[in-house]
Amino acid sequence: MQDAAGSLWEQTSDVDYMRMEGRDTHPSYDWFNRRLAELYGDKVIDFLDCGVMSGTTYTKLKDVSPPCNYTGIDIGESLLESCRSRFPEAQWKQMSVMDLHFPSGTFDVVNCRHLLEHLPYYETAVREMFRVARQHVAICFFQVPRDPEALLRRDAAGGYVWLNRYSPGPFEDLLAKLSDTVETVDISQERRVDRIYFCTKGS
Ligand SMILES: C[S@@+](CC[C@H](N)C(=O)[O-])C[C@H]1O[C@@H](n2cnc3c(N)ncnc32)[C@H](O)[C@@H]1O
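Residues numbered from 1 in each chain as written. Predicted model: local features only at pLDDT ≥ 70, side-chain atom pairs only at ≥ 80, totals over all residues.

Draft legend 1. Examining the sheet that holds strand 7 (residues 153-156) more closely. Judged by pairing direction, the sheet is mixed, and its 3 strands sit side by side in the order 1-8-7 without closing on themselves. Both outer strands of the open sheet, strand 1 (6-7) and strand 7, are each paired with one neighbouring strand and no more. (Pairing = 2+ DSSP bridges. Helix = DSSP H or I, 4+ residues; strand = E, 2+ residues; numbered from the N terminus.)

Shown next as structure tokens:
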């Protein structure tokens, strides 16, 4: 018998999840916005955000001047519909971070926040993000990489969700191969630690 169930993220319409329990006030957003401001100043940047859910990253970026030329992608169509109706001035497209339909070097900055943990594995997504980035790739984890690696697919009614914690060694080796420099910062809010890898691409 065929398994018809897919990723629960494709089906979710729970757009408020990332706004609950302080998830949308995590100081990792401020660190990221500050770093962009330091690097780009007044330049209007081409920005790709992967795995947008409720559009929180977009709303945080909107508070920073100047506004960026924002494109958000996700696999969940109802999430994207909600973002389109709330923020029609930005671009919202359905696609997977593992297969980005953009030419190489389209965006100054490519970002993904709390996404790689929910993929079967990270490598294709990381390579795709670096391909479409011109300058910077930022990857933020809520499951901070540590050994031993733990790949966990949780089955639920109607689908499944991956919740992975990756081994830091091979992950950081891959970033080092694709980057000139990688800044690694851990940012805490009470018990929630986010780790950001802020990568500057090699030439
Ligand atoms: C935990 S949420 C993070 C949302 C947002 N980045 C934030 O930090 O508020 C993960 C998001 O990634 C999306 N997602 C899951 N698999 C994806 C894939 N292969 N390509 C793009 N987005 C995906 C989900 O639909 C969901 O919106």
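Now that the structure has been shown, we can carry on.
Draft legend 2. Molecular detail of helix 2 (residues 28-40). If you check helix 2, its first and last C-alpha atoms are 18 Å apart, about what 13 residues at 1.5 Å a residue would give, namely 18 Å. The complete set of buried residues in helix 2 reads Ser28, Tyr29, Phe32 and Leu36. Around the axis of helix 2, the buried residues are gathered within 105° of arc, so they sit on the same side. In helix 2, those exposed residues whose orientation departs by more than 90 degrees from the buried face are Arg34 and Glu38. Next to the buried residues of helix 2 lie helix 3 (56-62), strand 5 (107-113), strand 6 (133-141), strand 9 (179-189) and strand 10 (192-201). Backbone geometry just after helix 2 places Gly41 at a positive phi near 50°. (Expected span 1.5 Å × (residues − 1). Buried ≥ 20, exposed ≤ 12 C-beta atoms within 10 Å, placed from the backbone. Arc of directions from axis to C-beta. Contact = placed C-beta atoms within 7 Å.)

Draft legend 3. How the structure looks around helix 4 (residues 77-86). Where helix 4 is concerned, the buried positions are Leu79, Leu80 and Cys83. All buried residues of helix 4 fall inside an arc of 95° around its axis, so they share one side. Buried positions along helix 4 lie against strand 3 (69-74) and strand 4 (91-94).

Draft legend 4. Spatial organisation of the environment of Gly55. Take Gly55: it is sitting in the loop between strand 2 (46-50) and helix 3. On the basis of neighbour counts, which here come to 26 C-beta atoms within 10 Å, the residue Gly55 falls in the buried class. Those residues in contact with Gly55 that sit more than four places away from it in its chain are Gly72, Cys83, Arg86 and Phe87.

Draft legend 5. Representation of unusual backbone geometry. A cis amide bond links Asp147 to the next residue, Pro148, at an omega of 0°. In this fold, Pro148 is placed in the loop between strand 6 and strand 7. Positioned with a positive phi, His114 is a non-glycine residue whose angle comes to about 55°. Looking at the secondary structure, you find His114 in the loop between strand 5 and helix 5 (123-132).

Draft legend 6. Local environment of the nonpolar core. If you look at the biggest cluster of nonpolar residues, it comprises 43 residues, and the most contacted ones within it are Cys50, Val97, Val110, Leu116, Met129, Ala138 and Ile139. When residues of this core are assigned to their parent elements, the largest contribution, 6 residues, is made by strand 6. The residues touching Val110, leaving out its near neighbours within four places in the chain, are Leu48, Cys50, Met129, Val132, Ala133 and Val137. (Core = buried A, V, L, I, M, F, W, Y, C linked by C-beta atoms within 7 Å.)

Draft legend 7. Just the sheet that holds strand 2, in detail. If you walk across this open sheet you meet the 7 strands as 4-3-2-5-6-10-9, and the pairing is mixed. Each edge of the open sheet carries a strand with a single partner, namely strand 4 and strand 9. For this sheet the average axis-to-axis angle between neighbouring strands, irrespective of direction, equals 15°. Where strand 3 and strand 4 come together, 4 bridges link them in parallel fashion. Its bridge partner lying in strand 4, Asp74 is registered against Gln94. Helix 4 rests against strand 3 and strand 4 of the sheet, and its axis sits at about 170° to strand 4. (Axes fitted to C-alpha atoms, helices over the stretch in contact; angles between N-to-C directions.)

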